[in-house]
Amino acid sequence: MNWQIGEWKNNFNFKNKHRLKQVFLIIVVLLTILSCSKTDEIADEVIVKPLEKKSEFGFTYADFNVVHDTIKKGDTFGSIIDKQNIGDKQVYDIVEKVKDTFDVRIMRFDKPYTLLRTKHKKNKLQFFIYQPDALHYYVVDLRDTIAKAYKKTRPLKFKRRTIGGVLKGSLSETLESADVEGALASKISKIYAWSIDFFKLKKGDRFALTFTERYINDTVYDGVDSLQAAFFEYKGKFVYAFPFAQNPSSDKIEYYDEEGKTLKNFFLKTPIKFSRISSRFSSNRFHPVQHTWKAHKGTDYAAPYGTPITTTAAGVVEQTGFTTGNGNFVKVKHNGTYSTQYLHMSRILVRRGQHVTQGQIIGRVGSTGLATGPHVCYRFWKNGVQVDALKLKLPNGEPMNSNNKKRFLEQITPLKRELDSVANL
């Protein structure tokens, strides 16, 4: 009897445990289903669809049947609108009427266009809109009997931005890491062409830039507009650049350093002072040593032995050395366009790769090489071609007028303070 009671208890416990397990499993399944349902519901709530434009080009899209497309290969203005309902109008007549404003031949492959059509069943074409770039668009109005066209420019907003710190590599790499359009590097290199060799800038050199950027409709980025102020640490010195118009009513802008000195380094007239021209640039001159007729691609300045020879503009010493014809010589590269060379020196006072400033002494007058007396032969290159420096119209930065100095300093003071602050000077 006791044995039977014990067996009954064991069976009861086993059944209860089994039922509890089943109940537990049912609860887990229900919770999972509810959980999944809840998750799906949340997911539906956070899905955000992009908002479609409600208006553009001065039109409310709700008023039209709108078609957006791009010019494909083989498309023309005629082939596009000829497929539309344009009523009794002829494509040729439309083109003739609008050609003074919208020359249909300017349309290019892959450029966007928009068709605005009536909303009734006929979908009659009302406007054709072509966008040659992000800033401009043409509208051809086809509503009236006579078609007409006009050109519009989207509203531009200019935003000012200042960045600075240390170079993380090249100038282009540093600007790229700061999300600045690469075109700014090109603008900067032109402004500093006479003051800085950007290949000589080192990683860790300090810099600061203030510039404006264009935004179309206040949101679409359209690139860098202009450089407002800058400085670069170059060979241990800080070289500033500030734009300034000496004539406020003029659009002519030059860049000056913090003291009002022009950055566009004009060339000195001669490489030595108190000298006379003993021989000019010529395509056929009788050589006094070789006694033959040959080209003389330089200008000779006669001067006493040992007279200082100065570089006519800032640059980097590209070559120094000696040849039988040239004697001791120095060649200076000023930028990507201009180079000068100084021949027949008695002494060379600079080395290859050295940066030289305008008017710096680079050697002494001598008569080394093929020369009959002490002089310097001054040679000039433009885009790799030797030219007559006396006949060449050379770039010339306009010196700061003393009457403008006060206005200039007042204008740049806050800009310089901002540059210095971001670069922690």
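Residues numbered from 1 in each chain as written. Predicted model: local features only at pLDDT ≥ 70, side-chain atom pairs only at ≥ 80, totals over all residues. Heavy atoms only, no water.

Caption draft 1: Local environment of the nonpolar core. Counting 25 residues, the largest nonpolar core has Leu184, Ile188, Tyr192, Leu209, Leu227 and Phe232 as the members making the most contacts within it. Elements that contribute at least two residues to this core include exactly α4 (171-177), α5 (183-191), β9 (206-216), β10 (220-234) and β11 (237-244). In terms of residue count, the dominant contributor to this core is β10 (five residues). Residues contacting leucine 184, with those up to four places away along its chain left out, are Leu175, Leu209, Phe211, Val224 and Leu227. (Core = buried A, V, L, I, M, F, W, Y, C linked by side-chain atoms within 4.5 Å. Buried < 20%, exposed > 50% of the residue type's maximum accessible area, 1.4 Å probe, protein only. Helix = DSSP H or I, 4+ residues; strand = E, 2+ residues; numbered from the N terminus. Contact = heavy atoms within 4.5 Å.)

Caption draft 2: Inspection of helix α3 (residues 91-98) at higher detail. Taken together, the buried positions of α3 are Val91, Ile94 and Val98. With its buried residues spanning 60 degrees around the axis, α3 presents them on a single face. For α3, the exposed residues set more than 90 degrees away from the buried face come down to Tyr92 and Lys97. Where the residues of α3 are buried, they touch α2 (77-81), β6 (136-141) and β7 (148-153). (Arc of directions from axis to C-beta.)

Caption draft 3: Main features of the environment of tyrosine 113. As for its position among the elements, tyrosine 113 is in strand β4 (residues 112-117). The sequence separation of tyrosine 113 and phenylalanine 128 amounts to 15 residues, and the corresponding C-alpha distance is 7.3 Å.

Caption draft 4: Highlighting the pairing of strand β19 (residues 327-333). Most of β19 sits inside the fold, with six of its seven residues counted as buried. The pairing of strand β18 (residues 315-323) with β19 spans seven bridges and is classified as antiparallel. Paired with phenylalanine 322 across the bridge in β19 is asparagine 328. Where β18 hands over to β19, the hairpin turn is made up of three residues, counted between the paired strands. In this sheet, strand β20 (residues 338-348) lies alongside β19 in antiparallel orientation, the contact comprising five bridges. The partner of lysine 331 across the bridge, within β20, is glutamine 341. The loop that links β19 with its antiparallel partner β20 comprises four residues. (Pairing = 2+ DSSP bridges.)

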